[in-house]
Amino acid sequence: MKYRRLGRTNLMISEIGLGCASGLRSQQLGPELFNRYREELPAITHKLLELGGNFVATSASYHDTEEILGRALKGRRKDVFIFTASGKKDAKAVIADCERSLQRFQTDVLDGYFAHGGWSEGFQEAAAKLKQQGKIRFIGMSCHVPEKHRERIEANQVDFILQPYNYMNLAKWTEKTDRVGTEELFELCRKKDVGVMVIKPMTGHFIPNWAKKTDDPKVAWLLKELKVSGKQNLYQAFLMWVLKNPNVSCAIVGMGAVQDVVEDCAAVTKKLTASHERLLEQYAALATGDYCRMCETCVPNCPAGVRIPDILRFRMYYQNYGHRRDARELYASLASHQQASACTGCGRCEQTCPSRLAIVQKLKAAHALLA
Ligand code: SF4
Ligand code: SF4
């Protein structure tokens, strides 16, 4: 394992740590996989520590992962930094979440406590209190939108951030039209000494739509390549690419099996070669037209108020994860003016989307699946 400094926290954290959003993914895939994941999580955690990993990151809302990790880490508290989060906006609710997290982790103090999915006055008030009481050491935020991180960094309110970043961020795939680029955000973090924890280092699209198009020669080539060289080559390439950025402190990786930990941790000692780059290039070329980064750049540009990234995410749950009922229920929970049926086809969203997605056509397809 290798270690890097997490900005002003001065924590020396491992380049690879355990993220727990995989729990959500396996829940979406069904109770059997979800339970298997929950059963494997202690062994996954132990393997990570054995290989030199020294942090876990989860959230109060990620089912019972805090409790499972708390039990798994019993007697090993000093070997690990704990990062967890609250997505609540009210100060009292954030404090209640934090107290529960401390109990679940069986500890007196959390190393990093972050606002899950965006900042709020309530979180700020609660975090200040919790820090004063010695219940949390450092404050952070997770969010998909670089600009929202920038506001908190400039206001000097965060010690670390959790930001999605992966090979698909390259300018050639995004055309760099998002309002604040991720690379620029990381540069700002360096200047302000804010730690950068990367989420979704392998894109977050687990079973891409393109992989089903096996009659496409490019898809066939990539699948064959992965069969010959091993799928871990692609995953490691994603991690190596993220970690070659010196402004990145670590990658938070969802790992569903002990073998994943072994393969993912091996990436820190490997070198990104031309053949890895070729794999990434091929993957990105196939995925780019269908990859929503959930950056929300399109949202303020939609005069109708359609929740584009949410709808594309629900479509992903339906099509890629095969969890149709959940996807439909989530879609139904949107107000009618936020659903795809409210889209007038004006095209403004497509003009601002950094990934140049054919949003209007995708919304129509999503509505047909989800309504
Ligand atoms: S095309 Fe539809 S979703 Fe896009 S901005 Fe116009 S109304 Fe909104
Ligand atoms: S559709 Fe495009 S702009 Fe909107 S969230 Fe997805 S990637 Fe970002």
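Quantities reported herein were computed from a predicted structural model and do not represent experimental measurements. (Residues numbered from 1 in each chain as written. Chains lettered and ligands numbered in written order. Predicted model: local features only at pLDDT ≥ 70, side-chain atom pairs only at ≥ 80, totals over all residues. Heavy atoms only, no water.)

J.: Sorry, what's going on with the site of ligand 1 here?
T.: Residues in contact with ligand 1, as listed here, are Cys-302, Pro-303, Ile-308, Cys-343, Thr-344, Gly-345, Cys-346, Gly-347, Cys-349, Val-360 and Leu-363. Of the residues contributing to the shell around ligand 1, the split by class is eight nonpolar, three polar and no charged. (Near = heavy atom within 4 Å. Nonpolar A, V, L, I, M, F, W, Y, C, P; charged D, E, K, R; others polar.)

J.: Just to check I follow, could you spell out the site of ligand 2 for this structure?
T.: As a structural note, the neighbourhood of ligand 2 is formed by 13 residues, with Cys-292, Cys-295, Glu-296, Cys-298 and Cys-353 the closest of them. Each residue belonging to the shell around ligand 2 can be placed in one class, and the counts come to nine nonpolar, two polar and two charged.

J.: How do you make sense of the side chain of Thr-65 when you look at a structure like this?
T.: Take Thr-65: it is sitting in helix 3 (residues 65–72). Residue classification places Thr-65 among the buried positions, given a relative accessible area of 3%. Setting aside anything within four residues of it in sequence, one finds Thr-65 in contact with Cys-20, Tyr-37, Leu-41, Thr-58 and Ser-59. (Helix = DSSP H or I, 4+ residues; strand = E, 2+ residues; numbered from the N terminus. Buried < 20%, exposed > 50% of the residue type's maximum accessible area, 1.4 Å probe, protein only. Contact = heavy atoms within 4.5 Å.)

J.: In this structure, what is going on with the pattern of salt bridges? I would like to understand it.
T.: Close approach of charged atoms lets side chains of opposite charge pair. Counting across every chain of the model gives 23 salt bridges. Between Lys-88 and Asp-97 there is a salt bridge whose closest N-O contact spans 3.1 Å. Residue classification places Lys-88 among the partly exposed positions, given a relative accessible area of 37%. Glu-225 is the salt-bridge partner of Arg-278, the closest N and O atoms lying 3.8 Å from each other. Of this pair, Arg-278 sits in helix 12 (residues 274–287) while Glu-225 sits in helix 9 (residues 217–229), and the two are 53 residues apart along the sequence. Through salt bridges with shared partners, a single network forms among Glu-296, Arg-307, Asp-310 and Arg-313. (Salt bridge = Lys/Arg side-chain N within 4 Å of Asp/Glu carboxyl O.)

J.: Looking at this structure, how should I read the sheet that holds strand 10 (residues 250–254)?
T.: Each strand in a sheet pairs with its neighbour through backbone hydrogen bonds, running either in the same direction (parallel) or in the opposite one (antiparallel). In space, the eight strands of this closed barrel follow the order 3-4-5-6-7-8-9-10, with parallel pairing throughout. Ignoring which end each strand starts from, the neighbouring axes of this sheet average 30° apart. The sheet contact formed by strand 7 (residues 136–142) and strand 8 (residues 160–164) spans three bridges and is parallel. Within strand 8, the residue paired with Ser-142 across the bridge is Leu-162. (Pairing = 2+ DSSP bridges. Axes fitted to C-alpha atoms, helices over the stretch in contact; angles between N-to-C directions.)

J.: Could you clarify how one ought to interpret unusual backbone geometry in this entry?
T.: Glycine aside, a negative phi is what most residues show, and trans is what most peptide bonds show. Located in the positive-phi region is His-63, a residue other than glycine, with phi close to 50°. Phi is positive for Gln-106, close to 55°, though the residue is something other than glycine. Mapped onto the secondary structure, Gln-106 falls in the loop between helix 4 (91–104) and strand 6 (110–116).

J.: Honestly, the packing of aromatic side chains in this entry has me stumped. Any pointers?
T.: Describing an aromatic ring pair means giving the distance of the ring centres and the angle of the ring planes. Counted by the stated rule, this structure contains nine aromatic pairs. Seen from their ring centres, Tyr-113 and Phe-123 are 5.9 Å apart, and the 20° between their planes marks the pair as stacked. In this pair, Tyr-113 sits in strand 6 while Phe-123 sits in helix 5 (residues 121–132), placing the two residues ten residues apart along the sequence. On the numbers, 5.2 Å between centres and 35° between planes, the contact of Tyr-165 with Trp-241 is tilted. Residue Tyr-165 is found in the loop between strand 8 and helix 7 (171–174), and its partner Trp-241 is found in helix 10 (residues 231–243); the two are separated by 76 residues along the sequence. (Phe/Tyr/Trp six-rings, centres within 6.5 Å; stacked < 30°, edge-to-face > 60°.)

J.: Even after reading the chapter, I still don't get the packing of helix 10 against helix 12, so can you show me in this structure?
T.: In the contact formed by helix 10 and helix 12, the axes pass within 9 Å of each other and the chain directions differ by 95°. By the criterion of interaxial angle, the relationship of helix 10 to helix 12 is roughly perpendicular. Where helix 10 approaches helix 12, its residues Asn-233, Leu-234, Ala-237, Phe-238, Met-240 and Trp-241 are matched on the opposing element by His-276, Leu-279, Leu-280 and Tyr-283. Each residue belonging to the contact of helix 10 with helix 12 can be placed in one class, and the counts come to eight nonpolar, two polar and no charged. (Parallel < 35°, antiparallel > 145°, perpendicular 65-115°, else oblique.)

J.: How should the domain arrangement of the protein be read in this particular structure?
T.: Quoted interface sizes are often the accessible area lost when the parts come together. For the protein, the domain assignment lists domain 1 (3–287) and domain 2 (299–370). Relative placement of domain 1 and domain 2: their C-alpha centres are 25 Å apart. (Domains from an automatic or database assignment.)

J.: What exactly am I supposed to notice about the packing of helix 13 (residues 308–319) against helix 16 (residues 359–370) here?
T.: Between two packed helices, what matters for the description is the angle formed by their axes and the separation of those axes. Running from amino to carboxyl end, helix 13 crosses helix 16 at an angle of 55°, the nearest separation of the two axes being 10 Å. The orientation of helix 13 relative to helix 16 falls into the category oblique. Of the two elements, helix 13 crosses helix 16, and the hand of that crossing is left-handed. Contacts from Ile-308, Ile-311, Leu-312, Phe-314, Arg-315, Tyr-318 and Gln-319 of helix 13 reach helix 16 at Ile-359, Lys-362, Leu-363, Ala-366, Leu-369 and Leu-370. Per-class residue counts for the contact of helix 13 with helix 16 are ten nonpolar, one polar and two charged. (Left-handed = near helix turned anticlockwise from the far one by under 90°.)

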